[in-house]
Amino acid sequence: YYDQGGRYLAKKETLQDSALQMLKKDLREKTLGNCYIFYGEETFLKGHYLDQIYRQRIDELTESFNYRKLTAENFTLQELIDGVETVPMMAEYTLTVVDDVDIWKLNEDDRTRLSELLLDLPEYCTLIFTFETVEWKLDGRYKKLCDAVKKAASIVEFPKQEAKDLLPWIARH
């Protein structure tokens, strides 16, 4: 059985469980991927994992050079491209976070450019799209972008947690 990132899973798991488990493993082993999409009801967990990635990728001293956050208010495709393609300054990685931007509503030219960007992310860049007020859903009408997202991104859902999931977390923390 293979997940959306083409990784083999030994036992049959739901895609959302496997993506979250893979993210946890990547953080533990410090082998983060280049692109993630975070969505779901559990805002706290999204924030927790964003913070974990931030801590692994960004040093406070070089944050102004290597960290970029884009929102619906300041997002342009050129800003995203600049953030992704900027070479790290006095660090190993850059991190670009895009909050609540509906990539399916970009014009056709921008969707094509975004597809190309996703398929050619630099090794030093980590790009994360988060969705909280904008609903996340793959839109098959835009095949090129949809295929690029499936190939390039780990899509991680953070569903509302059940008591069986929360109790061990509370005990650990």
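The following paragraphs examine the structure supplied in this document. (Residues numbered from 1 in each chain as written. Predicted model: local features only at pLDDT ≥ 70, side-chain atom pairs only at ≥ 80, totals over all residues. Heavy atoms only, no water.)

With respect to the pattern of salt bridges
Two side chains carrying opposite charge are able to pair once their charged atoms lie near each other.
Item 1. In this structure the tally under the stated criterion is 7 salt bridges.
Item 2. A salt bridge links Lys25 to Glu29, with the shortest nitrogen-to-oxygen separation between them at 3.3 Å. With Lys25 and Glu29 both in helix α1 (residues 15-29), this residue pair falls 4 residues apart, about one helical turn.
Item 3. Across the pair Lys143 and Asp147 runs a salt bridge whose closest N-O atoms are separated by 2.9 Å. Taken as a pair, Lys143 and Asp147 lie in helix α6 (residues 143-152) at a separation of 4 residues, close to a single helical turn. (Salt bridge = Lys/Arg side-chain N within 4 Å of Asp/Glu carboxyl O. Helix = DSSP H or I, 4+ residues; strand = E, 2+ residues; numbered from the N terminus.)

Description of the packing of aromatic side chains
Item 1. Inspection of every chain in the model, using the stated rule, returns 7 aromatic pairs.
Item 2. Relative to Phe158, the ring of Tyr49 has its centre 5.8 Å away and its plane inclined at 25°; by these criteria the two rings are stacked. Of this pair, Tyr49 sits in helix α2 (residues 43-57) while Phe158 sits in the loop between β5 (154-157) and α7 (163-172), placing them 109 residues apart in sequence.
Item 3. Within the aromatic cluster, the residues linked to one another by ring pairs are Tyr36, Phe38, Tyr49 and Phe158. (Phe/Tyr/Trp six-rings, centres within 6.5 Å; stacked < 30°, edge-to-face > 60°.)

Some remarks on the packing of helix α4 (residues 77-85) against helix α5 (residues 108-119)
Item 1. Remark: α4 packs on α5, axes separated minimally by 11 Å, with the N-to-C direction vectors making an angle of 10°. Relative to α5, α4 is oriented roughly parallel. Facing α4, whose interface residues are Leu77, Gln78, Leu80, Ile81, Val84 and Glu85, α5 presents Asp110, Arg113, Leu114 and Leu117.
Item 2. A breakdown of the residues in the contact of α4 with α5 according to their chemical character gives 6 nonpolar, 1 polar and 3 charged. (Axes fitted to C-alpha atoms, helices over the stretch in contact; angles between N-to-C directions. Parallel < 35°, antiparallel > 145°, perpendicular 65-115°, else oblique. Contact = heavy atoms within 4.5 Å. Nonpolar A, V, L, I, M, F, W, Y, C, P; charged D, E, K, R; others polar.)

Quick look at the packing of α5 against α6
Item 1. The contact between α5 and α6 brings their axes to 9 Å, and the two run at 20°. By the angle between their axes, α5 is roughly parallel relative to α6. For the crossing formed where α5 meets α6, the hand is left-handed. Along its contact with α5, which presents Arg111, Thr112, Leu114, Ser115, Glu116, Leu118 and Leu119, the element α6 presents Lys144, Leu145, Ala148, Val149, Lys151 and Ala152.
Item 2. Class assignment for the residues of the contact of α5 with α6 results in 7 nonpolar, 2 polar and 4 charged. (Left-handed = near helix turned anticlockwise from the far one by under 90°.)

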